[in-house]
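Each chain, written out:
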Amino acid sequence: MNARRGPHPALVLATLDAIGLAIALYLSVVELGGGVPSCGPLHGCETVAQSPYARIGGVPVAVFGVALSATLLALAVAWWRTDDLRLLAGHYALSLLGVVFEVYFTYVEVFVIGAVCVWCATYGVTLVARFLVALWVWRHRDDARLTDPASSSPA
């Protein structure tokens, strides 16, 4: 039987995308409002948010995270609804691009600014997780449990 077991992997991606979007929205709203994100008992968010690296061309980095996460979420939902693997490929490619930027931003936080924002780090974890899920699904896309049973033919 070629029935898919468990939730569609796009729902896993969409959940991670929604978490990333929520984090990026919080950071964007706070920074566009002129504030700094609260780290609670941890410190570093204020230092990172007030650094010159917190903006690109005057736009808070978090706004780019909103755009990326919203796009990834749209791709995941569209893939879930259509099973069009081009949408998964798009998600995979954009999340890879996001991970490359995340590596750069993490380097800047640790080695240049000397502080780590817990919100930014959590966003980065979701981004890496999104990439790894998309990579795993892409590599296993021909498995019977990832294909639509209606479009599969018996071997």
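It should be noted that the structure appears before, not after, this text.
The structure contained in this document is the topic of the report that follows. (Residues numbered from 1 in each chain as written. Predicted model: local features only at pLDDT ≥ 70, side-chain atom pairs only at ≥ 80, totals over all residues. Heavy atoms only, no water.)

Across all of its chains, the model carries one disulfide by this definition. Between the sulfur atoms of Cys39 and its disulfide partner Cys45 the distance amounts to 1.6 Å. A torsion of 100° about the S-S bond marks the disulfide between Cys39 and Cys45 as right-handed. Both residues of the pair, Cys39 and Cys45, belong to the buried class. Of all cysteine sulfurs, the one in Cys120 lies closest to Cys117, which takes part in no disulfide; the gap is 3.2 Å. (Disulfide = S-S within 2.5 Å. Buried < 20%, exposed > 50% of the residue type's maximum accessible area, 1.4 Å probe, protein only.)

It is worth spelling out unusual backbone geometry at this point. Its identity as a non-glycine residue notwithstanding, Asp83 has a phi of 60°, on the positive side. Relative to the assigned elements, Asp83 resides in the loop between helix 3 (61-82) and helix 4 (85-113). Overall, the relative accessible area of 26% leaves Asp83 in the partly exposed class. (Helix = DSSP H or I, 4+ residues; strand = E, 2+ residues; numbered from the N terminus.)

The next subject is the packing of helix 4 against helix 5 (residues 118-139). Where helix 4 contacts helix 5, the two axes come as close as 8 Å, and the packing angle between them is 145°. For the element pair helix 4 and helix 5, the recorded crossing hand is left-handed. Taken together, the residues of helix 5 that come into contact with helix 4 (itself represented by Leu85, Leu88, Ala89, His91, Tyr92, Ser95, Leu96, Gly98, Val99, Glu102 and Glu109) are Cys120, Tyr123, Gly124, Leu127, Val128, Arg130, Phe131, Ala134, Leu135, Val137 and Trp138. Looking at side-chain class alone, the contact of helix 4 with helix 5 contains 15 nonpolar, four polar and three charged residues. (Axes fitted to C-alpha atoms, helices over the stretch in contact; angles between N-to-C directions. Left-handed = near helix turned anticlockwise from the far one by under 90°. Contact = heavy atoms within 4.5 Å. Nonpolar A, V, L, I, M, F, W, Y, C, P; charged D, E, K, R; others polar.)

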